[in-house]
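# Understanding the architecture of this molecule
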Amino acid sequence: VMLPKWAFGYIQSQERYESAGELVDTAEQFRRRGIALDALVLDWMSWKGSLWGQKTFDEERFPDPAGMTRRLHEQGVHSMISVWPNMSPEGENYREFQERGLLLPGTETYDAFREEGRRLYWKQAEEGLFQYGVDAWWCDSCEPVTPEWSRKLKPQQGEMYHSFLEAAGQIMPLQKANVYGLYHAQAIYEGQRDCGEKRVVNLTRSGWAGSQKYGAILWSGDICAKWDTLRRQVASGLHFCASGMPYWTLDIGAFFVKKGTPWFWDGEYEEGNLDPSYRELYVRWFQYGAFLPIFRSHGTDCRREPWQFGAPGEPFYEAILSAIRERYRLLPYIYSLAGAVWKENAVMMRPLVFDFEEDERAAGRMDEYMFGPALLVCPVLEPMNGPMSVRRIYLPAGTVWYDLWTQQRYEGGQEIEAHIGIDHIPVYVRAGSILPVMEPAECTAKMEGRDILLQIYGGADGSFTLYEDAGDGYGYEKGEFCLTRISYQDKSGSVVWESEGDLRFRKGEIRSCLIR
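Report on the accompanying structure. Computed from a predicted structure; not experimentally measured. (Residues numbered from 1 in each chain as written. Predicted model: local features only at pLDDT ≥ 70, side-chain atom pairs only at ≥ 80, totals over all residues. Heavy atoms only, no water.)

### Topic: the overall build of the protein
Secondary structure assignment for the protein yields 12 helices and 22 strands. Relative to the compact-globule value of 24 Å for 516 residues, the protein shows a C-alpha radius of gyration of 23 Å, a close match. Along the three orthogonal principal directions, the C-alpha set of the protein runs to about 75 × 50 × 50 Å. Taking all 516 residues of the protein together, 60% fall into the buried category. (Helix = DSSP H or I, 4+ residues; strand = E, 2+ residues; numbered from the N terminus. Rg over C-alpha atoms; globule rule 2.2 N^0.38 Å. Buried < 20%, exposed > 50% of the residue type's maximum accessible area, 1.4 Å probe, protein only.)

Here it is as C-alpha cells:
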C-alpha cells in the first residue's frame, strides 16, 4: 500500500517526550530554526502511572490530546504514538480482554490471531487515542516474547532463538511463533481503514511476509552506538529489503549510546551527544539515514534533536541540516519510488547485484547500495583521520557515474578513493538518470504544487516515471493518481514527458537541466 507523503519526510523521535507541552514546544523550535520536520513520536508511557500498555492519555500530562495534535497539525507536524500488545492487569484495557477470554494463555498479551481480539484492540486504540487526531502507530514489542532481555550475559544467536521458541511455544502454536507481528499489524490496518481515509502508518519491530500490505515499516531494533554497528546495519538493511519488504529503517545514532548493566546496553559514548566522537558517528548515521526508505532518528541516553549536536555555523549541526534539506529536495524522486513499490512491486533500496548482476565485483559489495534506479549511496563507516575521511568506493561497470555534489564524472568498473569532509557522504548518479527534485520546505505539505526540476545525467538514454497523488487517503486505489512518463535521448539531448491518469495531481511546472 501507499504510505502518506509525510512519512517520507523527517521523523524526530527519542526516549522520550513526556508531555503535550514538550511535544508542541519541540515542534515550535523546529519551525523557529527553519528545520524541516514532518512527524514527532510519543514513545512509551502516554498512559497514566504504571498502566503499561493502556491505550489512553494521562490526563495530567496530556490534558487536551485533541488540542495537542491540532497544534502540531497547524505546524505541519504529524504525531506517531507507541502502542503495545501487552497490558498491565491494573488497566481497563487488560480487564476487558481478560473478561472476554482474548489473552494469550498465561500472559498479559492480547490474542491477535483471533479476529475478535484484533477488533477489540482497535476499538480501544480508536476510543483512547485515534479519535484525538493521532496520525501513526508505533507497534512496539510485537514478537511478543523476548526472553533474551532477562539474561545477564548475551546469548549466542542459536541459543537466543531457541529460548524464543521455547517461550513462544508456551503461549501459542509454534508454527505461529514468528507471525504474531503480522496479525498485530492487521488489527491496526483493518481497524483504521474502517474509520476513514487517513493512510495507515505502522512502525513495527517485527513482521512477516505480507506485512507490507498493512502499511508496515520495520526497523532494526535497539542497536548500540559503535562504528561496527553502523557497518553491520548497512548490510542488514540490504538483506532485509532483498526479501521483498520495501520499508526499512533504523534508530539513527543507535538506541543505546552509553554502557549499561544489561548486556544489550552496550554503547561506547559515556558523554552522549557532548562527546565530539559520538557527534561524528551520529552525523554519519544521519547522513546514511537520509537515503533510507524512512528517515527517522531515535534513541535513549541523550537527546536527539539537531540542535543537541551543535549550534548554527558549527560543522555537525550544519551537516545534519544539510542532510535534511537534501532529503526534502529529493522528495519527488523518493515519492515516485514509493509509487513504484505500490504499482510495480519495486524495492526502494537494494544490493548492487540487483542492478548489476553481471558485475562480479559489484555483487560482493554490501557497504554501498542503490537507492532507486539512479543513486549509488556509499555511507561513511569509519571515523575521520584529520579533517577528511577517505572512503574506497566501487563504481559498478557498464555505465558512467556522476558525483551528486560536484557533478564530477567517473567511468564505471573501477574503485576510487573519495576524500570527504563531514558535510556529506559520497553519493553517485548513474548516467541516463532522470532525477526529479524540488525546492525544500519546512514540511512535505508546504512543498505541494511547487515546480519540479528534472536533473538529467548524460552519457546514456534514460527514462523515469514521476508519480503524484493526493499524498494521503486511498483515492489512489480508485485511479486518483497521475503518472508523468519522462524519457531522455542522449544523442540528441532531447527530453520529453507526457502525463496520464488523473491530471488534477500534476500541479507544478516541470523544467529540465542536462548534466554531462
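### Observations regarding the environment of Ala-167
With respect to the helices and strands, Ala-167 occurs in helix H5 (residues 157-168). Overall, Ala-167 belongs to the partly exposed group, its relative accessible area being 22%. If sequence neighbours within four positions are ignored, Ala-167 has contacts with Val-145 and Pro-147. (Contact = heavy atoms within 4.5 Å.)

### Some thoughts on the pattern of salt bridges
As a working rule, side chains carrying opposite charge can pair if their charged atoms are close by. A full pass over the atoms with the stated rule returns 38 salt bridges. A salt bridge links Lys-48 to Glu-59; the nearest nitrogen and oxygen atoms lie 3.2 Å apart. Of the two residues, Lys-48 is situated in the loop between strand S2 (39-42) and helix H2 (65-74) and Glu-59 in the loop between S2 and H2; the sequence distance between them amounts to 11 residues. Relative accessible area serves as the criterion here: at 46%, Glu-59 is assigned to the partly exposed category. The partner of Lys-226 in a salt bridge is Asp-266, with the nearest N and O atoms 2.7 Å apart. (Salt bridge = Lys/Arg side-chain N within 4 Å of Asp/Glu carboxyl O.)

### Some points on the sheet that holds strand S19 (residues 462-469)
In space, the 3 strands of this open sheet follow the order S19-S20-S21, with antiparallel pairing throughout. Of all strands in the sheet, those bounded by a partner on one side alone are S19 and strand S21 (494-501). Within the sheet, the average angular offset between the axes of one strand and its neighbour, ignoring direction, is 15°. Pairing of strand S20 (residues 481-489) with S21, which is carried by 8 bridges, proceeds in the antiparallel orientation. Each residue of the ladder has a partner; that of Leu-483, found in S21, is Glu-500. Each of S19 and S20 is contacted by helix H10 (residues 331-344), which is oriented at about 85° to S19, the strand it contacts most. (Pairing = 2+ DSSP bridges. Axes fitted to C-alpha atoms, helices over the stretch in contact; angles between N-to-C directions.)

### What to know about the packing of aromatic side chains
One pass over the structure, following the stated rule, counts 45 aromatic pairs. Each ring, one from Tyr-282 and one from Phe-309, has its centre 3.9 Å from the other, and the planes form 10°; the classification is stacked. Pair noted here: Tyr-282 is in helix H8 (residues 276-289) and Phe-309 is in the loop between strand S8 (295-297) and helix H9 (315-329), with a separation of 27 residues, a long-range link. A residue is classified by how much of its surface remains accessible, and Tyr-282, at 1% relative accessible area, is buried. With centroids separated by 5.1 Å and ring planes inclined at 70°, the aromatic side chains of Phe-286 and Phe-295 adopt a geometry described as edge-to-face. (Phe/Tyr/Trp six-rings, centres within 6.5 Å; stacked < 30°, edge-to-face > 60°.)

### Topic: the sheet that holds S8
Spatially, 8 strands are ordered S7-S6-S5-S4-S3-S2-S1-S8 in an open sheet, and the strand pairing comes out parallel. Sheet topology places strand S7 (248-249) and S8 at the edges, where each strand pairs with a single neighbour. Sheet analysis places strand S4 (residues 136-139) next to strand S5 (residues 202-204), joined by 3 bridges and oriented parallel. When the bridges of S5 are listed, Trp-138 appears paired with Leu-203. Along the sheet, helix H1 (residues 20-33) makes contact with strand S1 (10-12) and S2, crossing S2 at roughly 155°. Along the sheet face, H8 touches S1, S7 and S8 and points at about 155° away from the line of S8.

### Quick notes on the side chain of Asp-359
By secondary structure assignment, the location of Asp-359 is in the loop between helix H11 (352-355) and helix H12 (360-363). Buried and unpaired, Asp-359 has no salt bridge, with Arg-361 as the nearest side chain of opposite charge at 5.9 Å. Reaching out from Asp-359, the side chain makes a polar contact with the backbone nitrogen of Ala-397 at a distance of 2.8 Å. Sequence-distant contacts of Asp-359, that is, excluding residues within four places in its chain, are made with Tyr-394, Pro-396 and Ala-397. (Lys, Arg positive; Asp, Glu negative; His and termini not counted. Polar contact = N/O pair within 3.5 Å; in protein donor to acceptor, adjacent residues only side chain to side chain.)

### Observations concerning the nonpolar core
Ranked by internal contacts, the top residues of the largest apolar core, which has 153 residues, are Phe-8, Trp-137, Phe-291, Tyr-369 and Leu-375. Among the elements that line this core, the one with the most residues is H9, at 8 residues. Residues Leu-352, Ala-362, Leu-376 and Trp-401 belong to the second largest nonpolar core, which totals 14 residues. (Core = buried A, V, L, I, M, F, W, Y, C linked by side-chain atoms within 4.5 Å.)

### Let's talk about the pairing of strand S6 (residues 216-219)
Walk down a regular strand and you will see the side chains alternate between the two sheet faces. By the alternation rule, side chains of S6 split into Ala-216 and Leu-218 and Ile-217 and Trp-219, which are all buried. One ladder, built from 3 bridges, connects S5 with S6; its direction is parallel. Looking across to S6, one finds that Thr-204 is bridged to Leu-218. Two strands pair when backbone bridges link them, and S6 and S7 are joined in this way by 2 bridges, in the parallel orientation. Within the sheet, the bridge partner assigned to Trp-219 lies in S7 and is Thr-249. Note on the crossover from S6 through helix H7 (residues 227-242) to S7: the handedness is right-handed. (Right-handed = clockwise from strand over helix to strand, strands pointing away.)

### Some details on the environment of Gln-131
When you line up the elements, Gln-131 lands in the loop between helix H4 (115-128) and S4. Of the residues examined, Gln-131 reaches a relative accessible area of 48% and is grouped as partly exposed. On a C-alpha basis, the gap between Gln-131 and Leu-102 in space is 24 Å, while along the polypeptide they are 29 residues apart. Here Glu-127 takes part through its backbone oxygen, which lies 2.5 Å from a polar atom of the side chain of Gln-131.

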